[in-house]
Amino acid sequence: MASHSDQNHNEPERERDGERPEPVIRDNRKVDPVTGQARHTDEAGAAHPEHEDMRPVDEPHDADDALAQAEQILREAAGEEEGAGLAVVVKELRDDLQRLQAEYVNYRKRVDRDRAVAGEAAVFGVLSSLLPVVDDLDAARAHGDLTDGPFAAIAAKLESVLTSQGLQRIDQTGVEFDPNVHEALIQQPGEGIEVDTVQQVLRVGYKTEARLLRAAQVIVATPQG
């Protein structure tokens with residue numbers, strides 16, 4: 001039996017011959033330093049993770065693909081005898097999903113429509129509240145107060161903004177009377193008139209593309225009987 005000194009004497013010889021054994025490093029920690037999961041050891045004492053790492057699937061799948069995959073998995077698990085019943089279940093799930101998708105589309109359309117109506121109502125309210133100001137501008141212009149100066153420039157800017165928001169004047173004369181946009185305060189016979197015609201505008205009316213803000217107050221010329 002070789003003594004301890006003989007073993008130490010032989011180790012340098014193995015190193016010179018290129019036969020130095022590779023060191024063996026074993027990780028015997030009870031907790032995985034990366035995942036934080038507990039480890040269990042096998043008979044040799046080597047530690048192994050308690051559970052394998054689960055990697056999320058990043059590839060997107062639509063609902064129909066997911067249902068098709070689920071149907072295939074269920075068929076393989078249950079066998080061909082129960083495959084027909086599973087197909088019925090999957091069809092019911094697909095029908096439910098399609099119904100939910102249709103309901104969601106209808107909901108989005110309803111929300112968009114309500115948002116548009118609310119926006120129109122807000123614009124209508126602002127324009128209606130500014131009509132007295134526009135009347136004052138018309139009166140000042142009729143008296144020659146808006147021919148020049150900074151006030152005329154401000155009035156022009158305000159009227160430009162209102163026009164950009166869809167405000168339209170109802171002040172035409174010589175057009176056929178329309179009860180939808182005209183309010184007849186006076187009616188009088190007119191020569192050569194075949195239909196009721198707006199002869200004079202007493203107060204300008206206003207409207208937008210979608211709604212009437214205020215009917216124009218007019219004098220109507222009627223055909224002579």
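Residues numbered from 1 in each chain as written. Predicted model: local features only at pLDDT ≥ 70, side-chain atom pairs only at ≥ 80, totals over all residues. Heavy atoms only, no water.

**A look at the overall build of the chain**
Here's step 1: Regarding its fold elements, the chain presents 4 helices and 8 strands.
Here's step 2: Helices and strands appear in the chain in the N-to-C order α-β-β-α-α-α-β-β-β-β-β-β.
Here's step 3: Buried residues in the chain amount to 18% of all 225 residues.
Here's step 4: Accessible area for the chain stands at about 17,200 Å²; split by element, carbon and sulfur atoms hold 52% of it. (Helix = DSSP H or I, 4+ residues; strand = E, 2+ residues; numbered from the N terminus. Buried < 20%, exposed > 50% of the residue type's maximum accessible area, 1.4 Å probe, protein only. Areas by Shrake-Rupley, 256 points an atom, 1.4 Å probe, with all protein chains shown as cover.)

**As for the environment of Val195**
Here's step 1: Its place among the elements puts Val195 in the loop between β4 (182-190) and β5 (197-203).
Here's step 2: Take Val195: its relative accessible area is 41%, and that puts it in the partly exposed class.
Here's step 3: Discounting chain neighbours no more than four positions away, the residues touching Val195 are Glu176, Ala221 and Pro223. (Contact = heavy atoms within 4.5 Å.)

**Regarding the confidence of the model for the chain**
Here's step 1: Averaged over all residues, the pLDDT of the chain equals 77, while 61% of them reach at least 70.
Here's step 2: Low confidence marks residues 1-5, where pLDDT is under 50. Its contacts with residues over four positions away, or in another chain, come to 1 contact.
Here's step 3: A low-confidence stretch, residues 49-61 (pLDDT under 50), is modelled with 10 contacts involving residues beyond four sequence positions or located in other chains. (pLDDT = per-residue confidence, 0-100.)

**So, the pattern of salt bridges**
Here's step 1: The full count for this structure, using the stated rule, is 8 salt bridges.
Here's step 2: A salt bridge links Arg141 to Asp138, with the shortest nitrogen-to-oxygen separation between them at 3.5 Å. Of this pair, Arg141 and Asp138 are both found in helix α3 (residues 83-142), 3 residues apart, which corresponds to roughly one turn of the helix.
Here's step 3: Owing to a relative accessible area of 39%, Arg141 belongs among the partly exposed residues under this scheme.
Here's step 4: Salt-bridge contacts for Asp138 lead to Arg169; the nearest nitrogen and oxygen are separated by 3.3 Å. (Salt bridge = Lys/Arg side-chain N within 4 Å of Asp/Glu carboxyl O.)

**Quick notes on the sheet that holds strand β8 (residues 216-223)**
Here's step 1: Here we have 3 strands laid out as an open sheet, ordered β4-β8-β5, and mixed in their pairing. Only two strands of the sheet have a single neighbouring strand rather than two, namely β4 and β5. Each adjacent strand pair in this sheet contributes to an overall mean axis angle of 25 degrees, direction not counted.
Here's step 2: Taken together, the 5 bridges between β5 and β8 define a ladder with antiparallel strand orientation. Its bridge partner lying in β8, Val201 is registered against Val218. (Pairing = 2+ DSSP bridges. Axes fitted to C-alpha atoms, helices over the stretch in contact; angles between N-to-C directions.)

**A look at the sheet that holds strand β7 (residues 212-214)**
Here's step 1: Pairing is antiparallel across the open sheet formed by 3 strands, whose spatial order is β3-β6-β7. The open sheet has two free edges, formed respectively by β3 (168-170) and β7, since each of these has just one partner strand. For this sheet, the mean inter-axis angle between neighbouring strands, taken without regard to orientation, is 30 degrees.
Here's step 2: Summarising the sheet, β3 and strand β6 (residues 205-207) pair through 3 bridges and their orientation is antiparallel. Residue Arg169 lies in a different strand from β6, and its bridge partner there is Tyr206.

**As for the UniProt feature "coiled-coil region" (unreviewed entry) in the chain**
Here's step 1: Here the UniProt-annotated "coiled-coil region" (unreviewed entry) positions come out as residues 90-117.
Here's step 2: Between the C-alpha atoms that bound residues 90-117 the distance is 41 Å, and the span itself is 100% helix and 0% strand. (UniProt positions renumbered as here; feature names shortened; annotations may be inferred.)

**A look at a nonpolar patch on the surface**
Here's step 1: On the surface, a nonpolar cluster with roughly 310 Å² of combined accessible area is contributed by Tyr104, Val105 and Tyr107.
Here's step 2: Along the chain, the position of Val105 falls in helix α3.
Here's step 3: By relative accessible area, which is 40% here, Val105 ends up partly exposed. (Patch = residues over 30% accessible without salt bridge, like charges linked within 9 Å, V, L, I, M, F, W, Y side chains within 5 Å.)

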